[in-house]
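Here is what each chain is made of, one letter per residue.
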Amino acid sequence: MKIISLDELERQTDIPTWGNSKAKFSQIKNPDNLNFTCNKNLSLSQSLSKEDKRRHQEKSCVNNYKTVCIPYIGYNNNFCHNLIDILPELLYLDGTEKYDLILAPHSQVTENLINTFNIKFQNIKFIKNDFIFTSQTIDLYQYNIDQRRINKSLKLREVLLKQINITANPDKLIYCTRNTGGGAKHGRKMNAHNEDTIIKLSKHYAQSNDLDFIVFDGRHKDGSIMSILEQAQLFNQAKMIIGPHGGALANILYVGSDNNCKVCEFVNGKHTTVQKCRPFGKNYNRLLGYAPETYLDYYLIPFEIGSDKEETFINIDNFKYFLNSIKL
């Protein structure tokens, strides 16, 4: 990963890595085989009375397990966090074969991704309604971002790519805009004049290199929303992806391994902070556990001083340097 900046000191800024902290578990031992109810928010309640226990058992509605894990990950309704945190972690936990059952909250976003890519789990149950069970041991797992790892993201990527069957040569130069499409819920839109210049330079570069230039905002030209699979197929064919930090760049997970793809993301730099994080700390290469840099080249251009959470812009000379220095 390389920082593109006219400022020599900024180019030498250390890009943060993830820590090595261990996962945080608390454990419930259940020698009396008491029943628990888990709701859709993964909150547990215990059936303490013998009468409750007898009633549930008579109705044959108590599921018996030896070891259960309840991971608290969060943001399950968010597309990006499903790709960055939820699905990689669930695949990892499921693959350890340590648990008879892993409980996760149901969300429509998670379900759509699972159905689109035919993701198979052995021991995951997604909770929609109250689930009654008993288990000898229950591990309560508090996930945090230090658990993001390259192997977890690459495992998810392996699963996702099995459902993308495109044999054409990659030929897309994709600019990811936050200014249209309605997806930029947290602001940080690009300055219109600045973005127009970036698009014109990108379009000229695409024409000069026989690439198909696309401005991506999650929608088709007629305004209809692209499906998850359509987005995946588009980014799978990318030779270059450009744009400000935002959810669209989570799609780099789908880029083909042999594309020789270049990604240029506009982010917080040494002199600008439009989001609460360390300089160059919030980019999708890092968010995906540095998995993307194993199959593409990653570049970062800092936002210019004066950028804020409402509007951002970059130094066009930095962008020109990027375009002039890369080879496809």
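In what follows, the structure referred to is the one given above.
Residues numbered from 1 in each chain as written. Predicted model: local features only at pLDDT ≥ 70, side-chain atom pairs only at ≥ 80, totals over all residues. Heavy atoms only, no water.

**Structural notes on the sheet that holds strand 1 (residues 2–3)**
With parallel pairing, the six strands of this open sheet are ordered in space as 1-14-13-12-9-11. What marks the edges here is a single partner per strand, and that holds for strand 1 and strand 11 (212–216). Across five bridges, strand 12 (residues 238–244) lies against strand 13 (residues 261–267) in parallel orientation. In the sheet register, Gly-243 faces strand 13, and the bridge partner there is Glu-265. Packing of helix 6 (residues 192–208) onto the sheet brings it into contact with strand 9 (172–176), strand 11, strand 12 and strand 13, and relative to strand 9 it is tilted by some 175 degrees. Across the sheet, helix 9 (residues 316–325) lies against strand 1, strand 12, strand 13 and strand 14 (296–302), angled at about 165 degrees from strand 14, the strand it touches most. (Pairing = 2+ DSSP bridges. Helix = DSSP H or I, 4+ residues; strand = E, 2+ residues; numbered from the N terminus. Contact = heavy atoms within 4.5 Å. Axes fitted to C-alpha atoms, helices over the stretch in contact; angles between N-to-C directions.)

**A look at the environment of Gln-233**
Here Gln-233 is to be found in helix 7 (residues 228–236). Placed 18 residues apart in sequence, Gln-233 and Asn-251 show a C-alpha to C-alpha distance of 9.7 Å. Apart from residues no more than four positions distant in its own chain, Gln-233 is found in contact with Ile-164 and Ile-166.

**Some details on empty space enclosed by the protein**
Counted by the stated rule, this structure contains one cavity of 30 Å³ or more. Taken as a whole, the largest cavity holds about 30 Å³ of empty space. Forming the boundary of the largest cavity are Ile-84, Asp-85, Pro-88, Glu-89, Tyr-143, Gln-147, Arg-148, Arg-149, Lys-152 and Ser-153. Listing elements by their share of the lining of the largest cavity, those giving two or more residues are helix 3 (79–96) and helix 5 (150–161). Top contributing element to the lining of the largest cavity by residue count: helix 3, with four residues. (1 Å grid on protein atoms, 1.4 Å probe; cavity = no way out; pocket = protein on both sides within 12 Å on 5 of 7 lines; lining within 4 Å. Points joined across faces, edges and corners; volume = space filled by probe spheres on them.)

**So, the state of the cysteines**
By the definition in use, this model includes zero disulfides. The thiol of Cys-176 is not disulfide-bonded; the next cysteine sulfur, from Cys-261, is found 10 Å away. Given a relative accessible area of 3%, Cys-176 falls into the buried group. Left unpaired, Cys-277 is separated from the closest cysteine sulfur, that of Cys-80, by 15 Å. (Disulfide = S-S within 2.5 Å. Buried < 20%, exposed > 50% of the residue type's maximum accessible area, 1.4 Å probe, protein only.)

**Points about helix 7**
Within the span of helix 7, buried status applies to Ile-228, Gln-231, Ala-232, Leu-234, Phe-235 and Asn-236. On its buried face, helix 7 is in contact with helix 4 (108–117), helix 5, strand 9, strand 11 and strand 12.

**Points about the packing of helix 3 against helix 4**
Their axes nearest at 10 Å, the elements helix 3 and helix 4 cross at an angle of 70 degrees. Here helix 3 lies roughly perpendicular to helix 4, going by the angle between them. Between helix 3 and helix 4, the contacting residues are Phe-79, Asn-82, Leu-83 and Leu-87 on the first element and Val-109, Thr-110, Leu-113 and Ile-114 on the second. By residue class, the composition of the contact of helix 3 with helix 4 is six nonpolar, two polar and no charged. (Parallel < 35°, antiparallel > 145°, perpendicular 65-115°, else oblique. Nonpolar A, V, L, I, M, F, W, Y, C, P; charged D, E, K, R; others polar.)

**Some thoughts on the packing of aromatic side chains**
Evaluated as defined, the whole model comprises 10 aromatic pairs. What links up through ring pairs into an aromatic cluster is the set Phe-266, Tyr-299, Phe-319 and Phe-322. Just above the ring of Phe-25 sits the side chain of Lys-98; from NZ or CZ to the centre is 5.5 Å. A cation sits over an aromatic face here: Arg-157 above Tyr-295, 3.4 Å from the ring centre. (Phe/Tyr/Trp six-rings, centres within 6.5 Å; stacked < 30°, edge-to-face > 60°. Lys NZ or Arg CZ within 6 Å of the ring centre and 35° of its normal.)

**Regarding helix 3**
Since the α-helix packs 3.6 residues into each turn, any two residues three or four apart lie on the same face. Across its 18 residues, helix 3 extends 25 Å between first and last C-alpha, which sits within 8% of the 26 Å expected from 1.5 Å per residue. Along helix 3, the sharpest change in direction is near 35 degrees and occurs at Ile-86; proline Pro-88 comes one to four residues later. In terms of burial, helix 3 is a largely internal element, 13 of the 18 residues being buried. The distance from a side-chain oxygen at the start of helix 3 to the backbone nitrogen of Cys-80 is 2.9 Å, and the residue carrying that oxygen is Asn-78. Looking one or two residues beyond helix 3, the residue adopting positive phi is Glu-97, at roughly 55 degrees. (Expected span 1.5 Å × (residues − 1). Bend = angle between axes of the 7 residues up to and from the residue. Polar contact = N/O pair within 3.5 Å; in protein donor to acceptor, adjacent residues only side chain to side chain.)

**Details of the environment of Cys-69**
Mapped onto the elements of the fold, Cys-69 is located in strand 5 (residues 63–72). Of the residues examined, Cys-69 reaches a relative accessible area of 0% and is grouped as buried. With 36 residues separating them in the primary sequence, Cys-69 and Asn-33 have C-alpha atoms 16 Å apart. Setting aside anything within four residues of it in sequence, one finds Cys-69 in contact with Phe-25, Tyr-99, Leu-101, Ile-102, Leu-103, Asp-139 and Tyr-141.

**Observations concerning the side chain of Asp-94**
With respect to the helices and strands, Asp-94 occurs in helix 3. Despite its burial, Asp-94 pairs with no opposite charge, the nearest such side chain being Lys-155 at 9.1 Å. Among the polar contacts made by the side chain of Asp-94, one reaches the main-chain amide nitrogen of Asn-123 at a distance of 2.8 Å. Setting aside its immediate chain neighbours within four residues, Asp-94 contacts Ile-102, Phe-121, Gln-122, Asn-123 and Ile-124. (Lys, Arg positive; Asp, Glu negative; His and termini not counted. Salt bridge = Lys/Arg side-chain N within 4 Å of Asp/Glu carboxyl O.)

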